[in-house]
Amino acid sequence: MADEDSLALLHDRSCDRGIDPTPALEHYLPSAVLASILSRLDPRSLCSAAVTCRSLRYVASQAVSFLPSFHLLDIAPTLDLLRSLLPPNPYLRSLRLDCSRLDDSSIGFLVRSSLHELCLQNCENLSGKLLSEVGGNCRDLRSLSLSTLAEHRGLSFVFADLEELLTGCSQLESLNMAFDFSSFDNPKFGQVWASASVALSSLEIGYIPMTMLIELLHATVMSRQPLGLVKPPIFHSLQTLCLSVDYITDHLIGCISKGLPSLSSLDLQDSPIVEPIVTSDLTNAGLQQINPHGKLKHISLVRSQEFFFTYFRRVNDLGIFLMSEGCSTLESICLGGFCRVTDSGFRAIIHSCSNLRKFRVSHASQLTDLVFHDISATSLSLTHVSLRWCNLLSKLGIVGLSNNKQLIVLDLRDCRNLGDEAVKALCYLPKLQVLLLDGTDTSDLGLSYLGHGNCPLVSLSIRGCKRITAKGISSLFGGSVNLSLQVLDLSRLPNLTDEGILLLAKSRTPIVELRIRECPHIGDTSVMALASMQIEGRSPGSSLYVLDMYECGGITPLSFRWFKKPYFPRLRWLGLTGSLNRDMVDALSRSRPFLRIACRGEELAMSFLDNSGGWYNHEEDEMDELEQWLLEGEYEVEGYMF
């Protein structure tokens, strides 16, 4: 392990006293070669290299000014840290940051004229000024992704900000703005998109009111009229559209189909607050209008239950038949809230779309085992299947589905009639990496099937499976699954005790995300076991990145000593009960400023539910050099003190 002095200095101050800071290593490799190598590393790897010796530390301090990409999403830097992490750098092309600790004063460090990609998450403390500054300075930007912009009280964004963004970023190819668009309401909202990049191929909007969306689509349709204009139509190259709206309607589908002929991916979600009337709803006629140009590869139509318990009540099997006839080239389909569609409709999709790889259905109250009973007779090779809240589905349907040996992701959450025999049918799928069984009737026996099967499981969720005990945990980790498992959700298990967590720690499974929230019998012993477990000889608790213990009944203030360094050195997310001891929670936050402590019951880092690739790679180093740098470092980079 590197000594504390080497962690504290990136650029040794001895250079200010005339002492050569790079003596030995340059005898073997010229500094130019070292700088070229280090400039290709990500920030964490750069830190790992810098703590090894003075020569690399010196070269690393210079390489920061030549990095082509800077991606730092696992911690949230402050403005003071940004001043050193992001010195002037004409070679910077890609910047990805968590901005939860930044405000408008940091915009100057984020907006760079050299950028081609800018991805900023958790921008709730940044105002609309960010949009206008990006438009004014990032003329060569190709990809922009922003989330939760100006969500904190007192902050806002206006139409002029959007106008400057679209006008200035003339090379934009991908635009993802995951926030409420209602503040952009303006009579010119539809027309302003005529100034957007003609190369724009992907557009994602968090929420847009229906009136604004229809205005935009009307402008899009009108721009395609043969009026002899030289300028290309609005959204000339758009291939991907993802929106959250008030209502999905026939009129909306028709406008999209007419105005966006190049569309290959369509993702629509609505969240009605009252039951839609017939003119504000989707019907069979609307489904028939989908994909008139035959280019769609992915479609998602979901009615959310967030505000009101409702479904697509005006769509039945006929609508699905009509859609299937025009969508035979689909590779991915997601349907949520189609309560009147029966097995006949869902089978029409499976048998019509020979290239289908991803099949997701939720709240399908009439879907039964018959959908999958002869799936082996088709040419389908499904890789992702989600069947949430399909309560008529039983083990027979899962047995039929298991004939599809290419499955990678299977989501069966809240299918309450599924139990151990269904799990048994899945335990030998050779490519299954993600299995979500929340709310099913799985017991300890089902976990023993998984533990002794040969699925290369990376993520397993058994949240709310009330029959599972510590015995099931022992059976799960008694087989080969402990070699691959990284994400595990054991939340809301009323019979889970500290014994189960002790067995998990004893197995030395390299878990990265562990959720054991709302387990009444989990207490301080579990915290101690997780803090003390060692993976492949590394530091205690070194594998955990997310730990959610919200509302665990046995957690007391005594457990807080185990959340301090050196325990859990890689922990980035921690869920606790806020009322446990507010002063101790605040003290822990101060001692570990890059640890996000959630005390209000919010779910933590849920990316694993939607992502089957990009799993965590366990690094060989024993400590988190990046956090050490940020907490203890005090170095100079071109005039900045860090």
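As a starting point, this report considers the structure included with it. (Residues numbered from 1 in each chain as written. Predicted model: local features only at pLDDT ≥ 70, side-chain atom pairs only at ≥ 80, totals over all residues. Heavy atoms only, no water.)

1. What to know about the pairing of strand β3 (residues 117-121)
Right, so step 1: With 5 bridges joining them, strand β2 (residues 94-98) and β3 adopt parallel strand pairing. Along β3, the bridge assignment pairs Asp98 with Gln121.
Right, so step 2: The sheet contact formed by β3 and strand β4 (residues 143-147) spans 4 bridges and is parallel. When the sheet's bridge partners are listed, Cys119 is paired in β4 with Ser145. (Pairing = 2+ DSSP bridges. Helix = DSSP H or I, 4+ residues; strand = E, 2+ residues; numbered from the N terminus.)

2. Focus: the nonpolar core
Right, so step 1: If you look at the biggest cluster of nonpolar residues, it comprises 183 residues, and the most contacted ones within it are Trp193, Phe359 and Leu387.
Right, so step 2: Looking at this core, the element that brings in the most residues is helix α10 (residues 210-223), giving 6 residues.
Right, so step 3: When residues no more than four places from it in sequence are discounted, the contact partners of Phe359 are Ile333, Phe346, Ile349, Ile350, Phe372, Leu382, His384, Val385, Ser386 and Leu387.
Right, so step 4: Ranked by size, the runner-up nonpolar core spans 5 residues in total, among them Val512, Tyr545, Ala598 and Leu604. (Core = buried A, V, L, I, M, F, W, Y, C linked by side-chain atoms within 4.5 Å. Buried < 20%, exposed > 50% of the residue type's maximum accessible area, 1.4 Å probe, protein only. Contact = heavy atoms within 4.5 Å.)

3. Regarding the pattern of salt bridges
Right, so step 1: Using the criterion set out here, one finds 20 salt bridges in the structure.
Right, so step 2: Arg303 is the salt-bridge partner of Asp270, the closest N and O atoms lying 2.7 Å from each other. Linking Asp270 in strand β8 (residues 265-270) with Arg303 in strand β9 (residues 298-303), this pair joins segments that are 33 residues apart in sequence.
Right, so step 3: Judged by its relative accessible area of 1%, Arg303 falls in the buried class. (Salt bridge = Lys/Arg side-chain N within 4 Å of Asp/Glu carboxyl O.)

4. A few points about the layout of surface pockets
Right, so step 1: What the second largest pocket holds in volume is close to 570 Å³.
Right, so step 2: Trp573, Arg596, Ile597, Ala598 and Glu602 are, among the 17 residues lining the second largest pocket, the residues nearest its centre.
Right, so step 3: Counting only elements with at least two residues in the lining of the second largest pocket, the list comes to α21 (582-591) and β20 (596-598). (1 Å grid on protein atoms, 1.4 Å probe; cavity = no way out; pocket = protein on both sides within 12 Å on 5 of 7 lines; lining within 4 Å. Points joined across faces, edges and corners; volume = space filled by probe spheres on them.)

5. Some thoughts on the side chain of Asp438
Right, so step 1: Residue placement: Asp438 occurs in the loop between β14 (434-436) and α17 (444-451).
Right, so step 2: Buried and unpaired, Asp438 has Arg463 as its nearest opposite-charge partner, separated by 4.4 Å.
Right, so step 3: Within the structure, Asp438 has its side chain in polar contact with the side chain of Ser461 (distance 2.5 Å).
Right, so step 4: In contact with Asp438, other than residues within four places in its own chain, are Leu412, Arg413, Asp414, Ser461, Ile462 and Arg463. (Lys, Arg positive; Asp, Glu negative; His and termini not counted. Polar contact = N/O pair within 3.5 Å; in protein donor to acceptor, adjacent residues only side chain to side chain.)

6. Observations regarding empty space enclosed by the protein
Right, so step 1: One pass over the full model with this rule turns up 5 cavities of 30 Å³ or more.
Right, so step 2: Taken as a whole, the largest cavity encloses approximately 120 Å³ of empty space.
Right, so step 3: Together, 14 residues line the largest cavity, and Ser257, Leu263, Asn291, Pro292 and Leu296 are the ones closest to its centre.
Right, so step 4: Top element by residues in the lining of the largest cavity is helix α11 (residues 250-259). It accounts for 3 residues.

7. Points about α11
Right, so step 1: In terms of residue burial, α11 counts as a mostly covered element, since 8 of its 10 residues are buried.
Right, so step 2: Among all positions in α11, only Asp250, Leu252, Ile253, Gly254, Cys255, Ile256, Ser257 and Gly259 are buried.
Right, so step 3: Here the buried face of α11 lies against α10, β7 (240-245), β8, α12 (284-288) and β9.

8. Quick word on helix α19 (residues 498-507)
Right, so step 1: Taken together, the buried positions of α19 are occupied by Asp498, Gly500, Ile501, Leu504 and Ala505. For α19, the buried positions fall inside an angular range of 160 degrees around the axis, keeping them on one side. The exposed set on the far side of α19, more than 90 degrees from its buried face, consists of Glu499 and Lys506.
Right, so step 2: Where α19 is buried, its residues contact α18 (470-476), β16 (487-489), β17 (513-515) and α20 (524-532).
Right, so step 3: Where α19 terminates, the next one or two residues include Arg508, which has phi positive at roughly 60 degrees. (Arc of directions from axis to C-beta.)

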